[in-house]
Amino acid sequence: MSDSAVGVILLILSLLMLCLCLTLLVKTLQSMLLGKLAKTLKKYINSDLPKPFTFLTGYLFMLMGVGMTILVQSSSVFTSTLTPLVGLGVISLERMYPLTLGSNIGTTATAMLAAFAGDDNRRNNIQIALCHLFFNIFGIMLFYPIPFMRRLPINGAKALGNTTAKYRWFALVYLFVVFLIIPLILLGLSFNIIAFGIFFGLFVITMLFVVVVNVLQRKRKQWLPQTLQTWDFLPLPLHSLKPYDRLFSMMKCCKNDHVQVHQAESSKDTTTDVTIKNNSATPV
């Protein structure tokens, strides 16, 4: 058997083991975090520092994320452990945010240790490790200290979570598009700087237009012309996920719970109506 075939087999097995371990982790946490323990954790983890130090609470949890990630040497393990706790309602999304930012800084410790341990090209290794560190630090400085900017990733996470709860297939499509399709497109365009500039410029202008129109549709709809007050003038696949949902719902693994709940509620309402009619028809 060739080395490539062995590598593919090991990759598949590692992904299966990863999914199995994460599933068991979630099940274990669900069984452990019940009753008083869950209430105690929720009370203390989601609480703020007393005044006038309330504004330092997020930074304190950020430092906790740094320390815990350095201990386990993996931000993926740290965030994968905490994510089920957010799903169980033990940790709030607002508290998870600084912990995740801290883990992004903590994970750079591994690269720093590797850079100092190497003998060859130590200077270049340290430069790359510092680039990793300062990239994360500057990103945090951009999105966390300013309250308005702090809400952007949190609201985005809530919107993606609500969409995934409604459409199961959306999570896989999102990962496939954001982490594979878009990078491949940008990589291909990078070989032609003019085409890259045109594509990137059009993309930025389109996104700004969509964001501004969405905000005005919610806040100041009267400021917009009649056509732009809704997105109904566009074809349905361009402003709704329902056409794609009908396509993915043909697969058993992607059937949506909200459809089943709606059917159950409709059946319950129908049964209630029949019962009421029968009772009204019964002579007293």
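Residues numbered from 1 in each chain as written. Predicted model: local features only at pLDDT ≥ 70, side-chain atom pairs only at ≥ 80, totals over all residues. Heavy atoms only, no water.

Novice: What is the right way to read the pattern of salt bridges from this model?
Specialist: It is possible for side chains of opposite charge to pair when their charged atoms get near one another. One pass over the structure, following the stated rule, counts 3 salt bridges. Residues Arg95 and Asp48 are paired through a salt bridge, measuring 2.9 Å at the closest nitrogen-oxygen approach. With Arg95 in helix 5 (residues 93-106) and Asp48 in the loop between helix 2 (36-45) and helix 3 (57-72), the pair connects residues that are 47 residues apart, well separated along the chain. Note that Lys158 and Glu94 form a salt bridge whose closest N and O atoms lie 3.2 Å from each other. (Salt bridge = Lys/Arg side-chain N within 4 Å of Asp/Glu carboxyl O. Helix = DSSP H or I, 4+ residues; strand = E, 2+ residues; numbered from the N terminus.)

Novice: Would you mind going over the packing of helix 9 (residues 170-189) against helix 10 (residues 193-219) with me for this structure?
Specialist: In helix packing, the relevant descriptors are the interaxial angle and the interaxial distance, both defined with respect to the helix axes. Closest axis-to-axis distance for the helix 9/helix 10 pair is 8 Å, and the angle between their directions is 135°. Overall, the two elements helix 9 and helix 10 adopt an arrangement that is oblique. For the pair formed by helix 9 and helix 10, the contact residues are Ile185, Leu186 and Leu189 on the first element and Ile193, Ala195, Phe196 and Phe199 on the second. Taken together, the residues of the contact of helix 9 with helix 10 break down into 7 nonpolar, no polar and no charged. (Axes fitted to C-alpha atoms, helices over the stretch in contact; angles between N-to-C directions. Parallel < 35°, antiparallel > 145°, perpendicular 65-115°, else oblique. Contact = heavy atoms within 4.5 Å. Nonpolar A, V, L, I, M, F, W, Y, C, P; charged D, E, K, R; others polar.)

Novice: How should I be thinking about helix 6 (residues 108-117) in this particular structure?
Specialist: Along an α-helix, a turn takes 3.6 residues, which lines up residues three or four apart on a common side. Regarding helix 6, the residues found buried are Thr108, Ala109, Met112 and Ala115. The buried side chains of helix 6 occupy one side of the element, clustering within an arc of 120° when seen end-on. In helix 6, those exposed residues whose orientation departs by more than 90 degrees from the buried face are Leu113, Ala114 and Ala117. (Buried < 20%, exposed > 50% of the residue type's maximum accessible area, 1.4 Å probe, protein only. Arc of directions from axis to C-beta.)

Novice: Explain the packing of aromatic side chains here, please?
Specialist: For any pair of aromatic rings, the description consists of the separation of the ring centres together with the inter-plane angle of the planes. Summed over the entire model, instances satisfying the criterion amount to 9 aromatic pairs. Ring geometry for Tyr167 against Trp169: centres 5.7 Å apart, planes inclined by 45°, an arrangement best described as tilted. One aromatic cluster in this structure is built from Tyr167, Trp169, Phe170, Tyr174 and Phe248. One cation-aromatic arrangement involves Arg150 over Tyr144; the distance from NZ or CZ to the ring centre is 4.1 Å. For the cation-ring pair, Arg220 lies above Trp223, with the distance from its terminal atom to the ring centre recorded as 5.7 Å. (Phe/Tyr/Trp six-rings, centres within 6.5 Å; stacked < 30°, edge-to-face > 60°. Lys NZ or Arg CZ within 6 Å of the ring centre and 35° of its normal.)

Shape is all these values report; function is a separate question.
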